[in-house]
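Residue strings, one per chain:
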Amino acid sequence: MPLPEDLPAVTLDGVELRVLRIPLVSPFTTSFGTETEREVIVVRALTPDGDGWGEIVTQQAPLYSSEYTEGAWDVSRRWLIPALLDRDRLTPGDVGDVLTPFVGHRMAKAGLELAVLDASLRASGLPLASALGAVHDRVPSGVSVGIQRDPAALVDAVAGYLAEGYRRIKIKIRPGRDLADTAAVRAAFPDIPLQVDANSAYTLADADLLAGLDEFGLLLIEQPLQEDDLVDHAALARRLRTPLCLDESITSAKSARDALALGAAAVVNIKAGRVGGYLEAVRVHDLCRDAGVPVWCGGMLETGIGRAANAALAALPGFTLPGDVSASDRFYRRDIVTAPIVLEDGYVRVPTGPGLGIAIDAAELDDVTVAREELRR
């Protein structure tokens, strides 16, 4: 792993948790349902040398994964944070080791790791991108488009994002909103990079229907089957021309290795929260790069904290497909950072300041905070 072994340890005096509820600029509909606001937990690592920020990317309900906001809040304050506070000094790599005995809760662990990582890197003056091994100073930006009221409305939404400069379009699909929606977008925009995301909405019995997507020249079909259906994904992959990409199924470097060995994925979506942290995300990246498998950076409607971290991750050399690192205003009218992520000719710049390279807008953070707790040694 490229992270320097001599990255300084920090003295963790305390951890602040906040639950935020941030209105979305428009409803976001997937096979799981419709979100009109983003509920998320922000983590602040308190150290004598300065604070670090992280984000726990759970949703309000356990629909995308088994994790959800109240559960992440509970396990963090009752178990994870006390375990970290029991250590006198912590390096970012120590966080995973300390939290390993606690089963699951990868998103909660990832948010805590990111806060410690940010604090350590700020103290050393090193940007996250450099620490992770980034080779690019900007990354191509794709956008995820939720299910619209009908295919015509979807085409209009896609047209708007293309006009803004996004370099890849991903549309959400579910049974009954798949072939017609995809056909409409492809007919309107014959040459754009286009992919679809099913969020586990299908079964292997739908293989013939999913094969109908082959005619649209898609980059990939993302997570058509359930999270634990690696064998069925491998069977489906043999029946399709379009590459299969796994998202929810990839929860660690080990699960990625298993998926590749089974032939269940030709492309991998890496989400740091889903795999337990940015250090594990690099391990997944390295595994896939060594195997010649392209990866891209997925998104969880992050605030400017997670969005900056994702931009740094997506700048690694194995990220050869545009990811979901969109501009902040794709989802939020106001972000909680002073300099929100913006789109520049279809790209997002990788932050260059120490740590995450962001500053928190304290007033906006307070405005969207609905719960707060600080745990000290």
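Since the model is a prediction, treat every value here as computed from it, not as a measurement.

A.B. asks: Explain the pattern of salt bridges here, please?
C.D. replies: Opposite charge on two side chains lets them pair, provided their charged atoms get close. Considering all chains together, one arrives at 27 salt bridges under this definition. Put simply, Glu 373 and Arg 77 hold a salt bridge, and the shortest N to O gap is 3.0 Å. Here Glu 373 is found in strand β13 (residues 369-376), whereas its partner Arg 77 is found in helix α1 (residues 69-85), with 296 residues between them in sequence. Overall, Glu 373 belongs to the partly exposed group, its relative accessible area being 24%. The class of Arg 77 is partly exposed, set by a relative accessible area of 30%.

A.B. asks: Can you help me understand the sheet that holds strand β1 (residues 14-30) in this one?
C.D. replies: Across a sheet, strands are paired by hydrogen bonds formed along the backbone, either parallel or antiparallel in direction. If you trace the four strands from one edge of the open sheet to the other, you get β3-β2-β1-β13, paired in antiparallel fashion. The two strands at the open ends of the sheet, each matched to only one other strand, are β3 (52-56) and β13. Here the strands of the sheet are splayed against their neighbours by 25° on average, with no regard to which way each runs. Those strands touched by helix α3 (residues 106-124) are β1, β2 (33-46) and β3, and its axis lies near 165° from that of β3.

A.B. asks: Any chance you could explain the nonpolar core here in plain terms?
C.D. replies: General note: in soluble globular proteins, nonpolar side chains tend to be found buried as a group. Leu 128, Val 268, Val 284, Ile 305 and Leu 313 are the most contacted members of the largest nonpolar core, which totals 64 residues. Contacts of Val 284, omitting those with residues within four sequence positions, involve Ile 250, Ser 252, Ala 253, Ala 256, Val 268, Ile 270 and Val 275. Judged by nonpolar contacts, the second largest core, of 31 residues, contains Val 10, Leu 17, Ala 72 and Met 300.

Quick notes on the rules
Residues numbered from 1 in each chain as written. Predicted model: local features only at pLDDT ≥ 70, side-chain atom pairs only at ≥ 80, totals over all residues. Heavy atoms only, no water. Salt bridge = Lys/Arg side-chain N within 4 Å of Asp/Glu carboxyl O. Helix = DSSP H or I, 4+ residues; strand = E, 2+ residues; numbered from the N terminus. Buried < 20%, exposed > 50% of the residue type's maximum accessible area, 1.4 Å probe, protein only. Pairing = 2+ DSSP bridges. Axes fitted to C-alpha atoms, helices over the stretch in contact; angles between N-to-C directions. Contact = heavy atoms within 4.5 Å. Core = buried A, V, L, I, M, F, W, Y, C linked by side-chain atoms within 4.5 Å.

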